[in-house]
Amino acid sequence: MKRIQSTFVRLQEQGRQALIPFITCGDPRPEVTLPLMHGLVEQGADILELGIPFSDPMADGPAIQLANERSLSHHTGLKDVLNIVREFRETNITTPVVLMGYMNPIEFMGYEQFAIQAQQVGVDGLITVDLPPEECDVLLPILSDHQIDPVFLLTPTTSKERAARILSYCSGYVYYVSLKGVTGSNRLDVADVVEKVAAIKTLTDLPVAVGFGIKDPESAQAVARVADGAVVGSVLVNKVGELQNSETREIVTQVSGIIGQMRIAMDQR
């Protein structure tokens, strides 16, 4: 059983939901990422989404755009991301790591080479924001051969027919984007999330994780009542930005502390 699947099975047996923080690799500087990954796990993260820095992150709002800029100012590339995952696996072999980003860096490296190296270092899943299902027939078999789960996004405007098609390509879990617009925008509409998650669950047995709009323990707890996981991104990245000139220990303590508070709230739902 792959790491993502076994994580959701364990959490289901415990009656708990996955807490999935997102951070941009190399933000605010490369040496912060590894201790931050460990700090997030220590505070209750179940799966880590690690952003691949890219110069034109079109689905992301200002916070994550700035995170990409800070990372790229240190010339952080896909090979650096993979090296950090390799270092993480030296002491953590159980927490799934999902890379999230855009196709350009993967295209540049080459699908096969990316999949080989990703499997070697211990990557478990891949979210490619700008890869539509109509164009994934080449990449998906390669990912499958190397035990990497392709995780796809569904949005509030995805039709039932298109959702079914997207889900047929998906494994590991489904990422439901709960808000229209870019990351960090608007407020979470819990009633709408309840309806949409229920509809998705009629189409798939995969766990459904909800992201966008989860900014505090209350919203994390609300999502935990209706979904299998909560993805937390912009609030963490904003905090990294606020602390970008601070020592690594301070960044890790404060950012992972946000996840610790959410973990408590989700377990008390």
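The text that follows walks through the structure, step by step, so that each part is easy to find.

### Describing the overall build of the protein chain
Looking only at helices and strands, the protein chain has 12 helices and nine strands in total. Against the globule reference of 18 Å for 269 residues, the protein chain gives a C-alpha radius of gyration of 17 Å, in line with a compact fold. With the C-alpha coordinates aligned to their principal axes, the bounding extent of the protein chain is approximately 45 × 40 × 35 Å. Burial analysis of the protein chain (269 residues in total) assigns 56% to the buried set.

### What about the packing of helix α4 (residues 78-89) against helix α6 (residues 111-121)?
Interhelical geometry of α4 versus α6 gives an angle of 25° and a closest axis separation of 8 Å. It follows from the interaxial angle that α4 and α6 lie roughly parallel. Contacts from Leu-78, Leu-82, Val-85, Arg-86 and Arg-89 in α4 reach Phe-114, Gln-117, Ala-118 and Val-121 in α6. Partitioning the contact of α4 with α6 into residue classes produces six nonpolar, one polar and two charged.

### A few points about the environment of Pro-28
Within the element layout of this structure, Pro-28 appears in the loop between β1 (18-24) and α2 (30-42). Note on Pro-28: relative accessible area 7%, which makes it buried. A sequence separation of 218 residues divides Pro-28 from Ser-246, and the C-alpha atoms of the two residues are 9.6 Å apart.

### Quick notes on the environment of Arg-86
Along the polypeptide, Arg-86 turns up in helix α4. Through-space distance from the C-alpha of Arg-86 to that of Gln-120 is 8.1 Å; in sequence the pair is 34 residues apart. There is a polar contact of 2.5 Å between the side chain of Arg-86 and the side chain of Asn-83.

### Side note on the nonpolar core
If you look at the biggest cluster of nonpolar residues, it comprises 69 residues, and the most contacted ones within it are Leu-50, Leu-99, Phe-114 and Met-262. The element best represented in this core is helix α12 (residues 248-267), accounting for seven residues. Among all residues touching Phe-114, those that are not within four sequence positions of it are Leu-78, Leu-99, Ile-106, Met-109, Leu-126 and Leu-143. Leu-11, Tyr-173, Ala-209 and Val-237 belong to the second-largest nonpolar core, a separate cluster that totals 20 residues.

Conventions we followed
Residues numbered from 1 in each chain as written. Predicted model: local features only at pLDDT ≥ 70, side-chain atom pairs only at ≥ 80, totals over all residues. Heavy atoms only, no water. Helix = DSSP H or I, 4+ residues; strand = E, 2+ residues; numbered from the N terminus. Rg over C-alpha atoms; globule rule 2.2 N^0.38 Å. Buried < 20%, exposed > 50% of the residue type's maximum accessible area, 1.4 Å probe, protein only. Axes fitted to C-alpha atoms, helices over the stretch in contact; angles between N-to-C directions. Parallel < 35°, antiparallel > 145°, perpendicular 65-115°, else oblique. Contact = heavy atoms within 4.5 Å. Nonpolar A, V, L, I, M, F, W, Y, C, P; charged D, E, K, R; others polar. Polar contact = N/O pair within 3.5 Å; in protein donor to acceptor, adjacent residues only side chain to side chain. Core = buried A, V, L, I, M, F, W, Y, C linked by side-chain atoms within 4.5 Å.

Function cannot be inferred from these measures alone, as they are strictly geometric.
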